[in-house]
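# Survey of secondary and tertiary structure
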Amino acid sequence: MAADRSLSPWRTELGATLRLAAPLAAANLLQMLVYAIDVIFVARLGEESLAAASLATTLFGLMMWCFSGLTGACAPLIAAELGRRRHAVREVRRTVRMALWLAVLCGLAGMAVCLWGEELLLLSGQDPEVSRLAGAFLAILLWAMIPNVMATVLRNFVSALGRPFFATAITGLAIVVNALGNYVFVFGHFGAPAMGLDGSAISSVITAFAMLGAYVLAIRSDRRLRRYHLFGRWWRTEWQRFRDVARIGTPIALIILAEGGLFSSAAFLMGRIGQAELAGHTVALQVAALAFQIPFGIGQAATIRVGYHFGAGDRMAIGGAGKAALILAMGYMALPAAVMILAPLSVLQLYVDPTDPANAAMVGHAIGFLAIAAAFQLFDGLQAVLAGALRGLQDTSIPMQLALFGYWLVGFATSVVLGFFTPLAGTGIWLGLAVGLVVVSILLGWRWMRREQLELLPA
């Protein structure tokens, strides 16, 4: 992780950030494919099963995303320890151990929520039969919660220690395991009974434990990683370190909840306008989410690189790491934006048949939404990287407040006003999403640029 002083800081960091971000972004993209496999298999069971699985995985996924952000606070802490002292074995082990403890506690809370899945969906006004199926699905899927959150902690550990390719390889393994599990348990192959929707949930649980086991095996087999003895004396408490992870991680989880909640609420708003608009929104959002995985990976890399230099007390290198990540994100986001504008049908056909007359209304709305998505791609990438860089400075509380303000007081309010009080309808809702992203990226950018005046840098 040492910097080459013969080059300007951002040029030095460009290659280092890219080497770290590339496998993390690839792992993010592969993780989306893991979820897509469930949809591919469950869709063959019928609309009711697909609706139940979609509702269940949305609830489960939002909790997983939040818990991953909470425990992911271990990444900047690990990076800072390594920046302060290259061989900070004891300090890194304490951080990871307490993050794993927190993962178990979060997982238990998530499991409790899953047990009340049917009741929660009924309260939201969902169809009773779909809610019943989703509740049964969650009653099985809940067993994947703890291993999934623990696996994200170990993913942060291997990435901070310079082994991000493990994340890519293990996520690729998860695709194979999940596809095989769905094939065996959903439709009944190799002597297993055909379990339908429950079989897909069982496959997800098996995949979660397979990922956790793969990370443990990778850590124990790698010479550099196993010297940290992560799993030795796992019962020992380090309450101050536990509080540090929770203190930094709680605002991260709330930022994720704010952004995820905004886009989830947009679906409910769109559903009040019309089914074609909701279908177009769902497909366009999938395309935008796919494009987002690259800057999200760059943001994860920025957290580690900035965190390392934060621990080392190198102010110039901190600025270089942030600038390098921003350059990479801005350079990339121009590509999906161009595709969304110039060839929207090419990306839409990944999900639907644009030539089918039955999809005409949905495709028309999706093309319009993609045009707006293209316009906010740059800001979406910027906010992801800026949030990651600020996390590297262990600055999460104020960014959380800025995110809540931008996404909800500005973005959601704009969506409601333009969507229901102007002729823009669904387009107005998407313009609200764009406004929220623009405001948050500007606010986070202001905080990053004023990091010295705000005393966010090491003394």
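Note: the structure precedes this text.
In this report, we go over the structure that sits alongside the text. These figures come from a predicted structure and were not determined experimentally. Positions within a chain are numbered from 1, following the residues in the order the chain's sequence is written. Whole-chain, interface and lining totals are the exception, using all residues; otherwise, since this is a predicted model, local features are given only for residues with pLDDT of at least 70 and side-chain atom pairs are given and counted only at 80 or more. Excluding hydrogens and water, the side-chain values take into account all heavy atoms of the structure.

### Considerations on the environment of Ile37
Keep this limit in mind: Numbering of helices and strands starts at the N terminus; helices are DSSP runs of H or I of at least 4 residues and strands are runs of E of at least 2. For every residue, the accessible area obtained with a 1.4 Å probe (protein chains only) is divided by the maximum for its type, and the residue is called buried under 20%, exposed over 50%, and partly exposed between those limits. In this analysis, two residues are considered to be in contact whenever any of their non-hydrogen atoms come within 4.5 Å of each other.
Along the chain, Ile37 turns up in helix H1 (residues 9-42). With a relative accessible area of 7%, Ile37 lands in the buried category. When residues no more than four places from it in sequence are discounted, the contact partners of Ile37 are Ile175, Asn178, Ala179 and Asn182.

### Focus on unusual backbone geometry
We note that His229 has phi near 45°; this positive angle belongs to a residue other than glycine. Note on placement: His229 falls in the loop between helix H10 (223-226) and helix H11 (239-273). For His229, a relative accessible area of 53% corresponds to the exposed category. A positive phi angle, near 50°, is found at Ala425, a position not held by glycine. Along the polypeptide, Ala425 turns up in the loop between helix H16 (397-420) and helix H17 (426-449).

### With respect to helix H15 (residues 360-392)
Residues lying three or four places apart along an α-helix face the same way, a consequence of the helix completing one turn every 3.6 residues. Note the threshold: Here a helix's expected span is defined as the number of its residues, less one, multiplied by 1.5 Å. Values of bend correspond, residue by residue, to the angle between axes fitted over the seven residues ending at that residue and the seven starting there.
Look at H15: 46 Å from first C-alpha to last across 33 residues, which is about the 48 Å you get at 1.5 Å a residue. Along H15, the sharpest kink reaches roughly 50°, centred on Phe376. One or two steps after H15, the chain reaches Gln394, where phi turns positive at roughly 60°.

### Here we look at the side chain of Asp222
What counts here: Polar contacts here mean pairs of N or O atoms no more than 3.5 Å apart (in protein, one a potential hydrogen donor and the other a potential acceptor; neighbouring residues in sequence count only if both atoms are side-chain atoms).
Its place among the elements puts Asp222 in the loop between helix H9 (197-221) and H10. Residue Asp222 is classed as buried on the basis of its relative accessible area of 12%. For Asp222, the side chain forms a polar contact with the main-chain nitrogen of Arg224, separated by 3.0 Å. Other than its neighbours up to four places away in sequence, Asp222 contacts Arg163 and Phe166.

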